[in-house]
Amino acid sequence: DITQRSANSLAYPYGNYNDLTLSVVKELHLSAAFTTAAKVVTHQTDPFQIGRFQVKNWSGDELERWINKWKKSAQFL
């Protein structure tokens, strides 16, 4: 109401969802939904179960190490 725009995606509260939640999200015709599961996103990723990686208050070097680790895990998908 505040922005006078409709939402087309959501983040599951605390990353929790189940089969019923997935069916409701699809019925609402949302385009995407995000969980807190740390998983790589690929072209095969279900758009209603998109994972993400938590980025903490790291130095640039540490962030780079984590990005490289995540990229390596994506190569095996």
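Residues numbered from 1 in each chain as written. Predicted model: local features only at pLDDT ≥ 70, side-chain atom pairs only at ≥ 80, totals over all residues. Heavy atoms only, no water.

**Points about helix α1 (residues 19–27)**
Regarding α1, its N-cap is Asn-18, as a side-chain oxygen of that residue lies 3.0 Å from the backbone nitrogen of Leu-20 further along. Positive backbone phi, at 60 degrees, marks His-29, one or two positions downstream of α1. (Polar contact = N/O pair within 3.5 Å; in protein donor to acceptor, adjacent residues only side chain to side chain. Helix = DSSP H or I, 4+ residues; strand = E, 2+ residues; numbered from the N terminus.)

**Notes on the environment of Ala-11**
Its place among the elements puts Ala-11 in strand β1 (residues 9–11). Between the C-alpha atoms of Ala-11 and Thr-21, which are ten residues apart in sequence, the distance is 12 Å.

**A closer look at the confidence of the model for the protein chain**
Confidence in the prediction for the protein chain averages 89 pLDDT; 96% of positions are at 70 or higher. Looking at the elements of the protein chain, mean pLDDT is at its lowest for helix α2 (residues 60–74), recorded as 88, and at its highest for strand β2 (residues 32–34), recorded as 95. (pLDDT = per-residue confidence, 0-100.)

**A short note on the nonpolar core**
Considering soluble globular proteins, one finds that nonpolar side chains tend to be buried as a cluster. By size, the foremost hydrophobic cluster in this structure holds six residues: Tyr-12, Leu-22, Val-25, Leu-30, Ala-33 and Phe-48. Ignoring anything within four residues of it in the chain, the contact list for Ala-33 reads Leu-10, Tyr-12, Val-25, Pro-47, Phe-48, Gln-49 and Ile-50. (Core = buried A, V, L, I, M, F, W, Y, C linked by side-chain atoms within 4.5 Å. Buried < 20%, exposed > 50% of the residue type's maximum accessible area, 1.4 Å probe, protein only. Contact = heavy atoms within 4.5 Å.)

**Thoughts on the side chain of Thr-45**
With respect to the element layout, Thr-45 can be found in the loop between β2 and α2. Once residues lying within four places of it in the same chain are set aside, the contact partners of Thr-45 are Val-40 and Ile-50.

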